[in-house]
Amino acid sequence: MIYAEVKTEDAEGTYLAHSITSHKGRLSKGHLLTSSDTDDLLMSDIAMITTIRLEEHDIHEDSAAAQLGQFVSGNGVKTSPAFTGRCNIYSTEHGVFETTPQDIGNINSVDEAITLATLSPYAVVHPNQLVATAKIIPLAAPSQALEQTRGLAQLTVHPFRKLKIGLVLTRLPQTKKSVLGKTQTIVNQRLKSCANELSEVTVVDHTPNSIATAIKDLRKSNHDLILIFGASAIVDRQDALPKGLELSGGRIEHFGMPVDPGNLLLLGHHSGSNVIGLPGCARSPKLNGFDWILQRIIAGLEISKDTIMQMGCGGLLSEIPTRPQPREKMPSDTSHTTPKVTAVLLAAGQSRRMGPENKLLQEWQGKPLVKWVADNIGKSHVDHTVVITGHEADLVRESLQSNDVEYVHNPDFSDGLSTSLIKGLMAVPADSDAVLICLGDMPSIHSTQLNKLISAYDPENGAAICVPTFEGKRGNPILWSRSFIPEMLNLKGDSGARHLLGNYPGDLQEVVMDNTSVLSDIDTPEALSTLRKTSFRK
């Protein structure tokens, strides 16, 4: 590329190195100058401009990005049209994303003009989720360098397969039925996030012979995957679970894994099917080593002893604020038990029941309704707020210009509430523990009520979902553990996630509130009129 300041009359056919404004408007960086453009610039008394002229072996940024995207795209992904030197790559499947850091590093080492950024390997992804972006840094890339990237890496999404999955629960004399029920619910929740569910559950005594019989029975009925959850943790290869596997005619592939929580996991096989002895931490919905094994097996990826032993880098999952240290108590002056919460504020709807006016922009006590919601979130213990816009997006953003929020636009807002919710969930930062789903038409909910929900959040003790109530009626907003996000990403139409509450009674905590604000959404002119006659402010 030739980067130079030239006379405007000589600039036709070159690209602008920087954006510039003439009397007819703004020309952006990278714009291909035409004779009409140069005439307009001269009429605006712009005699010299900085341009870039492509040489013979240069490939324009859009073409180069598109080529790189095609070079690395394998099964289960698709590319978008390149724009401003960027080609985004999306999943077409619900499954596990696969690539290797070494391959991506090899591509990024070819030439500084060429970059490729991806999700972490083995992330669970959904259709139309962004998994990678190919970006050309300058206005063009050398054709020879671009060709060198061909074949260096391949991005693949392995779709989740439908498997026949059986669960064996073992019991000791002191084992409570409620513990067995909750364990089954948690396991099924994990399977649903991978597009599967349990086909059979059997409860047996915690003895090798009983476990062996259960494994053989499940194999006789052609189960593809057998999960065993013991009444006590596996401590050795001679313990009840591994011994039962061997008595059944199966074999142990590996015991233990360098992932915490999840150390005490058993991987085995029986007549072509995988058998997993679950670690005790899998009674919690929190991420643990079992999730990594389960997701890959359902996606059809091979799991072996070598696979497991490579999971140590990044395998320390326990050092997060909401989980106590497993081996060492933190000093009191550094401990932090408050979960990191992201609020998703839904502000995209057309508010048809309100009439021609956008209900979110209607004023109450001097502020638009959506402004009240955003302000109350901002005063709470919420760490980050994502606002989903759609209908009259510019006006919504204008009303929130003083709020510290992230905006995500949903062009498909007219297709139903679920489309906005999914956009918001996909924007939740990876380090968030929970997500608070807030409606833009509930202005009377106070920050203290939001904090009460956050304080109640305790997934280790059956409070992974916190629902506000008043006089026995459930309202909004609802606080969800991020472990439920994969399932919520499959919502369709105009329904939210509320119907999922019935699936997880063991994880739901009702939080009693002292007024009706958690039940009061402003959908109609009548509701707005009532609100203006009432005050919930504290």
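Criteria and cut-off values
- Note that residues are indexed from 1 along each chain, following the sequence as it is written.
- Totals for whole chains, interfaces and linings use every residue, but because this is a predicted model, local features are given only for residues with pLDDT of at least 70 and side-chain atom pairs only at 80 or more, for both listing and counting.
- Side-chain numbers come from the whole structure's heavy atoms, not from hydrogens or water.
- We call a set of buried residues a nonpolar core when its members are Ala, Val, Leu, Ile, Met, Phe, Trp, Tyr or Cys and they connect through side-chain atoms within 4.5 Å of each other.
- Exposed residues in this analysis have more than 50% of their type's maximum accessible area, buried residues have under 20%, and partly exposed residues fall in between, with area computed by a 1.4 Å probe over protein chains only.
- Note on conventions: DSSP H or I runs of at least 4 residues are helices, E runs of at least 2 residues are strands, and numbering of each starts at the N terminus.
- A pair of strands is treated as paired once DSSP finds two or more bridges between them.
- Expected span of a helix, by definition, is 1.5 Å for each gap between consecutive residues, and there is one gap fewer than residues.
- The arc in question is the one spanned by the directions pointing from the helix axis to the C-beta atoms.
- Axis definition: a line fitted to C-alpha atoms, over the contacting stretch in the case of helices. Angles run 0 to 180 degrees between N-to-C directions.
- When an angle is under 35 degrees it counts as roughly parallel; over 145 it counts as roughly antiparallel; between 65 and 115 it counts as roughly perpendicular; any other value is oblique.
- The hand of a helix crossing depends on one turn: near helix anticlockwise from the far one by less than a right angle means left-handed, and clockwise means right-handed.
- We call two residues contacting when some pair of their heavy atoms lies within 4.5 Å.
- What counts as a salt bridge is simple: a side-chain nitrogen of Lys or Arg found within 4 Å of a carboxyl oxygen of Asp or Glu.
- Side-chain rings of Phe, Tyr and Trp (the six-membered ring for Trp) are treated as a pair once their centres are within 6.5 Å; stacked means planes under 30 degrees apart, edge-to-face means over 60, and tilted covers the remaining angles.
- Two limits define a charge over a ring: the Lys NZ or Arg CZ must be within 6 Å of the ring centre, and within 35 degrees of the ring normal.

### Let's talk about the nonpolar core
Core analysis: the biggest nonpolar cluster contains 33 residues, and L227, I276 and I293 have the highest contact counts within it. When contributions to this core are tallied by element, the ones reaching two or more residues are strand 15 (165-171), helix 5 (177-192), strand 17 (225-229) and helix 8 (289-298). The greatest single-element share of this core, amounting to 6 residues, is contributed by helix 8. If you look at the next biggest cluster of nonpolar residues, it comprises 30 residues, including L400, C438, F470 and V518.

### Regarding the pairing of strand 21 (residues 341-347)
Judged by how many residues are buried, strand 21 sits mostly within the fold: 7 of 7 residues are covered. Of the two faces of strand 21, both are covered, the one formed by V341, A343, L345 and A347 as well as the one formed by T342, V344 and L346. Where strand 21 meets strand 26 (residues 434-439), 6 bridges bridge the pair, whose relative direction is parallel. When the bridges of strand 26 are listed, A343 appears paired with L436. Pairing analysis gives 6 bridges linking strand 21 to strand 24 (residues 384-389), with the strands arranged parallel. Pairing of V344 across the sheet is with V386, part of strand 24.

### Let's talk about helix 2 (residues 61-72)
The end-to-end C-alpha separation of helix 2 is 17 Å, in line with the 16 Å expected for 12 residues at 1.5 Å each. Among all positions of helix 2, only E61, A64, A65, L68, G69, F71 and V72 are buried. Projected down its long axis, helix 2 carries its buried residues within an arc of 160 degrees, all on one side.

### Focus: the packing of helix 6 (residues 208-220) against helix 7 (residues 240-247)
Close contact between helix 6 and helix 7 brings their axes to 7 Å; oriented N to C, the two are set at 50 degrees. Taken as axis vectors, helix 6 and helix 7 run oblique relative to one another. Crossing handedness for the pair helix 6 and helix 7: right-handed. Only A240, L241, K243, G244, L245 and L247 of helix 7 make contact with helix 6, whose side of the interface consists of P208, N209, I211, A212 and I215.

### So, the pattern of salt bridges
This structure, assessed with the given rule, holds 10 salt bridges. For K24, the salt bridge is made with D40, and the minimal N-O distance between the two is 3.9 Å. Of this pair, K24 sits in the loop between strand 3 (20-22) and strand 4 (25-27) while D40 sits in helix 1 (residues 35-43), placing them 16 residues apart in sequence. Residue classification places K24 among the exposed residues on the basis of a relative accessible area of 62%.

### As for the environment of I20
Tracing the sequence through the fold places I20 in strand 3. The residues contacting I20, other than those within four sequence positions of it, are G25, R26, L27, L41, I46 and I49.

### As for the environment of A497
For A497, the location among the structural elements is in the loop between helix 14 (485-488) and strand 30 (508-512). Ignoring any residue separated from it by four or fewer positions in sequence, one finds A497 in contact with L421, W480, M488 and L491.

### Things to note about helix 5
In a regular helix each residue adds 1.5 Å, so 16 residues correspond to 22 Å; helix 5 covers 23 Å between its end C-alpha atoms and thus fits that length. Buried residues of helix 5: L180, T183, I186, V187, N188, Q189, R190 and L191, and no others. Structurally, helix 5 contributes buried residues whose contacts are with strand 15, strand 16 (198-205), strand 17 and helix 8.

### Let's talk about the packing of aromatic side chains
Tallied over the entire structure, the rule returns 3 aromatic pairs. Relative to W372, the ring of W364 has its centre 5.1 Å away and its plane inclined at 45 degrees; by these criteria the two rings are tilted. There is no split in this pair, since W364 and W372 are both buried. When the ring of W480 is compared with that of F484, the centres are 5.8 Å apart and the planes differ by 70 degrees; the resulting orientation is edge-to-face. Among the residues examined, W480 registers a relative accessible area of 2% and is labelled buried. Through pairs of rings, three or more aromatic residues link up here, namely W480, F484 and Y504. Between the NZ or CZ atom of R296 and the centre of the ring of Y122, over which it lies, the distance is 3.6 Å. Over the aromatic face of Y407 sits the side chain of R397, whose NZ or CZ is 4.2 Å from the ring centroid.

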